[in-house]
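Notes for the structure review
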Amino acid sequence: MKKIFIIASIYMGLLFNASAYVFDQNIQKEILNIEKIMYVQNDDLFENAISEVESKISAADLPDQEFYALKVNLLLAKLNMTSDKQEQKKIVLEMKLLHEQADDYYRNNSDFSECFLTSLADLKSRLVNYVSGGSMYKISMEASKIYQQAIKINNKYASAYSGYGNWFYFAPAVAGGGYKEALKQFNKAVTNSSDPIERYINLIYRSQTHQKLGNKKQCSQDLTSAHQIFPEEKMTDQIRILNEKGKCFFD
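The written sequence of each chain sets the order in which its residues are numbered from 1. Owing to the predicted nature of the model, reporting of local features is limited to residues with pLDDT of at least 70; listing and counting of side-chain atom pairs is limited to 80 or more, with chain, interface and lining totals taken over all residues. Side-chain measures here rest on the full set of heavy atoms in the structure, leaving out hydrogens and waters.

**Overview of the nonpolar core**
M95, Y106, F116, L117, W167 and Y200 are the most contacted members of the largest nonpolar core, which totals 57 residues. As used in this record, nonpolar core signifies buried Ala, Val, Leu, Ile, Met, Phe, Trp, Tyr and Cys residues forming a set joined through side-chain atoms within 4.5 Å. Here the term buried applies to any residue with accessible area under 20% of the maximum for its type, exposed to any over 50%, and partly exposed to those in between, with areas from a 1.4 Å probe on protein chains only. If you look at the next biggest cluster of nonpolar residues, it comprises ten residues, including V53, I57, L70 and A77.

**A closer look at the packing of aromatic side chains**
Stacked, tilted and edge-to-face are the three classes assigned to paired rings of Phe, Tyr and Trp, where Trp is represented by its six-membered ring and a pair needs centres within 6.5 Å; plane angles under 30 degrees give stacked, over 60 edge-to-face, the rest tilted. Enumeration over the complete set of coordinates arrives at 18 aromatic pairs. Ring centres of F186 and Y205 lie 5.2 Å apart, and the angle between their planes is 20°; on these two criteria the pair is classed as stacked. Remark: Y205 occurs in helix α10 (residues 196-213) and F186 occurs in helix α9 (residues 179-191); sequence separation between them is 19 residues. On the basis of relative accessibility, which here comes to 0%, the residue F186 falls in the buried class. You can call Y205 buried: its relative accessible area is 0%. Numbering goes from the N terminus for both helices and strands, where a helix is a DSSP run of H or I of at least four residues and a strand is a run of E of at least two.

**With respect to the pattern of salt bridges**
A carboxyl oxygen of Asp or Glu within 4 Å of a side-chain nitrogen of Lys or Arg is what we treat as a salt bridge. Under the criterion given, the structure shown has nine salt bridges. Note that D222 and R206 form a salt bridge whose closest N and O atoms lie 2.8 Å from each other. With D222 in helix α11 (residues 216-229) and R206 in helix α10, the pair connects residues that are 16 residues apart, well separated along the chain. Of the two residues, D222 and R206, neither departs from the other in class, the shared state being buried. Members of the salt-bridge network, linked through shared partners, are D103, R107, K124, K138 and E142.

**Focus: the side chain of K124**
As for its position among the elements, K124 is in helix α6 (residues 114-127). Whenever a nitrogen or oxygen atom comes within 3.5 Å of another N or O atom, the pair is scored as a polar contact, on the condition that within protein one atom can donate a hydrogen and the other can accept it, and that pairs from neighbouring residues in sequence are kept only if both atoms are in side chains. Here D103 takes part through its side chain, which lies 2.9 Å from a polar atom of the side chain of K124. Those residues in contact with K124 that lie beyond four places of it in its chain are H99, D103, I139, E142, A143 and I146. Contact criterion: two residues are considered in contact whenever any of their non-hydrogen atoms come within 4.5 Å of each other.

**Points about helix α7 (residues 133-153)**
To estimate how far a helix should extend, the number of its residues minus one is multiplied by 1.5 Å. Compared with an ideal rise of 1.5 Å per residue, which puts 21 residues at 30 Å, α7 spans 31 Å between its outermost C-alpha atoms and is within 8% of the ideal. Among the residues making up α7, those that are buried are I139, S140, E142, A143, S144, I146, Y147, A150, I151 and I153. If you follow the buried residues of α7, they end up packed against α5 (85-107), α6, α8 (158-170) and α9.

**Considerations on the environment of G178**
With respect to the helices and strands, the residue G178 is situated in the loop between α8 and α9. Exposure remark for G178: the relative accessible area of 24% places this residue in the partly exposed category. The spatial distance from the C-alpha of G178 to the C-alpha of T209 is 9.9 Å, given a sequence separation of 31 residues. Aside from chain neighbours lying at most four places away, what touches G178 is F168, Y169 and A171.

**Topic: the confidence of the model for the protein chain**
In this model, the protein chain carries a mean pLDDT of 86, and residues with pLDDT of at least 70 account for 85%. Confidence per residue, as judged by the predictor, is encoded in pLDDT with a range of 0 to 100. α9 holds the highest mean pLDDT among the elements of the protein chain, 98, whereas helix α1 (residues 7-10) holds the lowest, 42. When the criterion is pLDDT under 50, residues 1-17 qualifies, and its contacts beyond four places in sequence or with other chains add up to 91 contacts.

**Quick look at the packing of α9 against α10**
Following both chains from N to C, one finds α9 and α10 inclined at 155°, their axes separated by 9 Å at the closest point. In this view, α9 runs roughly antiparallel relative to α10, as classed from their interaxial angle. Note that α9 runs across α10; the crossing there is left-handed. Across from Y179, K180, A182, L183, F186, N187, A189 and V190 in α9, the residues of α10 making contact are R199, N202, L203, Y205, R206, T209, H210, K212 and L213. Residue polarity is assigned by list, with Asp, Glu, Lys and Arg as charged and Ala, Val, Leu, Ile, Met, Phe, Trp, Tyr, Cys and Pro as nonpolar; anything else, Gly included, falls into the polar class. Here the residues of the contact of α9 with α10 sort into nine nonpolar, four polar and four charged. Simply put, an axis is a line fit to the C-alpha atoms, just over the touching stretch for a helix, and the angle between two N-to-C directions goes from 0 to 180 degrees. In what follows, roughly perpendicular refers to angles from 65 to 115 degrees, roughly parallel to angles under 35, roughly antiparallel to angles over 145, and oblique to any angle outside these ranges. Should the near helix be turned anticlockwise from the far one by less than a right angle, the crossing is termed left-handed; should it be turned clockwise, right-handed.

Encoded structure:
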């Protein structure tokens, strides 16, 4: 049920860019389209959407930051949608290779878009599940630092708050994680959401954080608000069933 965890990494609404680097908004539109197909409309259309975007990546001569950001989000989406163990292993290997490449770019450059930074932090956050020991802690703390860097560049960028909220939600207390801090970040993500799918996703994130904190009324209100954005969606009904059993969608 952790499927929704990667949502924050897949949409990127550009608001105010304080860096010199300007991120291509067309890439963001492609990502949002995948989001709507995957979580609001029909999972059957997802593979076609992924194939179309992958073709565009191959055909286009994208700048490095756009390439890395889009590729990261596509891999996370593919991992999120498959239950085949062998396919998951293949995708994780691609993620690790992409992490090395994007991380090398990050370490050897200085001018970044908040979009690129957030996607890199999202990738690191997800890879924590596939490494062990000191590497797990190291990558997790790097992700935290990069989320903060993205927010410093653009303090109205919902994706960074959403990703950082997920970081706090899943990180152990010894590393600084916690539901109360996650809720603060999700509050900012909801406030700064500029697109309906962004707001929908962040309301769901916040609802489940309220669930963990025992705020049942606020949890229900957020799920209702999310459903009102896309009345045809079914995810909030599934989440309510889990919550009524005392469980959380992220569990």
